[in-house]
Every structure is written in C-alpha cells, then in structure tokens.
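# A structural walkthrough
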Amino acid sequence: MYAATPQSTANYSYLNAIAMGNLNGDSMLDMAAVYRASNNLAVWFGQGNGTFYYGQTYATNLSPYDLSIVDLTGDGRLDIIVLCFGSSTINLFINQGNGTFVANLVRR
C-alpha cells in the first residue's frame with residue numbers, strides 16, 4: 001500500500017465518471033468523480049440538502065476512466081475502485097471511516 005496524497009487544488013478537466021454513496025459515514029449521499037486529463041479522483045461530501053462540499057482530491061494512475069463505490073474490505077465502509085486506461089492499472093482507495101482514503105495499486 002502507499003499513502004493516497006490529498007491534493008488541495010484540482011484540475012477538473014475531462015470528467016470521465018461519477019459515482020455516489022455514503023463515503024464518510026454520516027448517512028448522506030456523497031459523490032466521487034475521476035478526471036482523465038488531470039489524473040485524479042475528487043471526493044465531495046453531501047450536506048443532505050442537494051449540495052456538496054469539497055472533500056479531497058487524490059492522484060490516480062494515468063487516464064482514469066471509470067470508478068465504482070463498493071465495500072471491498074468487509075468493514076461496512078464504502079471504498080472506491082478506479083480503472084486507469086492509460087496505465088492498464090486499477091487504483092483501490094480504501095475508506096478510513098472519516099472521509100479519507102488510503103490508496104493501493106493493483107496491476108493488470
């Protein structure tokens with residue numbers, strides 16, 4: 001595993017995919033998106049009124065093009081899987097239970 005590095009600013013260009021789920025355990029719907037040109041995953045947290053606030057941005061491998069939100073570790077917390085076309089890799093972002101993630105790289 002390697003630490004997922006939160007990025008304070010993001011180049012939100014070439015949105016490829018969006019997925020939604022409760023990512024921080026507050027029972028509100030949150031949103032994650034991958035951006036192909038900037039090679040990142042962005043997470044926003046729902047406020048329960050149809051609006052979201054910016055959470056964090058994490059670096060991905062080259063050309064992320066799809067993502068899925070699922071509990072990969074069986075701990076009841078939703079994790080994020082990012083498929084990266086340009087590097088033929090899969091990034092796993094393991095939910096730490098507080099709205100942050102630790103990244104793990106899986107090669108194809």
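Keep in mind it's a predicted model, so treat the numbers as computed, not measured. (Residues numbered from 1 in each chain as written. Predicted model: local features only at pLDDT ≥ 70, side-chain atom pairs only at ≥ 80, totals over all residues. Heavy atoms only, no water.)

### Structural notes on the overall build of the chain
- Looking only at helices and strands, the chain has 0 helices and 9 strands in total.
- The secondary structure elements of the chain, listed N-terminal to C-terminal, are β-β-β-β-β-β-β-β-β.
- A total of 108 residues make up the chain; the buried ones form 41% of that total.
- Pairs at least 24 residues apart make up 36% of the contacts formed inside the chain by residues separated by at least 6 positions.
- Split by element, the accessible area of the chain, about 5,600 Å² in all, is 52% carbon and sulfur. (Helix = DSSP H or I, 4+ residues; strand = E, 2+ residues; numbered from the N terminus. Buried < 20%, exposed > 50% of the residue type's maximum accessible area, 1.4 Å probe, protein only. Contact = heavy atoms within 4.5 Å. Areas by Shrake-Rupley, 256 points an atom, 1.4 Å probe, with all protein chains shown as cover.)

### Section: the pairing of strand β7 (residues 79–84)
- Of all 6 residues in β7, 5 are buried; the element is thus mostly enclosed.
- Counting the residues in the hairpin turn of β7 and strand β8 (residues 89–95) gives 4 residues, including S88, whose phi is positive at 50°. (Pairing = 2+ DSSP bridges.)

### Remarks on the environment of N61
- Tracing the chain through its elements places N61 in the loop between β5 (52–59) and β6 (64–70).
- Along the primary structure N61 and L105 are separated by 44 residues, whereas in three dimensions their C-alpha atoms are 8.7 Å apart.
- A distance of 2.7 Å separates polar atoms of two side chains, one belonging to N61 and the other to N91. (Polar contact = N/O pair within 3.5 Å; in protein donor to acceptor, adjacent residues only side chain to side chain.)

### Looking at the pattern of salt bridges
- Counted under the stated rule, the structure contains 1 salt bridge.
- Of the charged contacts, one joins R77 and D75 as a salt bridge, the two residues approaching to 3.0 Å between their closest N and O atoms.
- Residue class for R77 comes out partly exposed when judged on its relative accessible area of 35%.
- Take D75: its relative accessible area is 33%, and that puts it in the partly exposed class. (Salt bridge = Lys/Arg side-chain N within 4 Å of Asp/Glu carboxyl O.)

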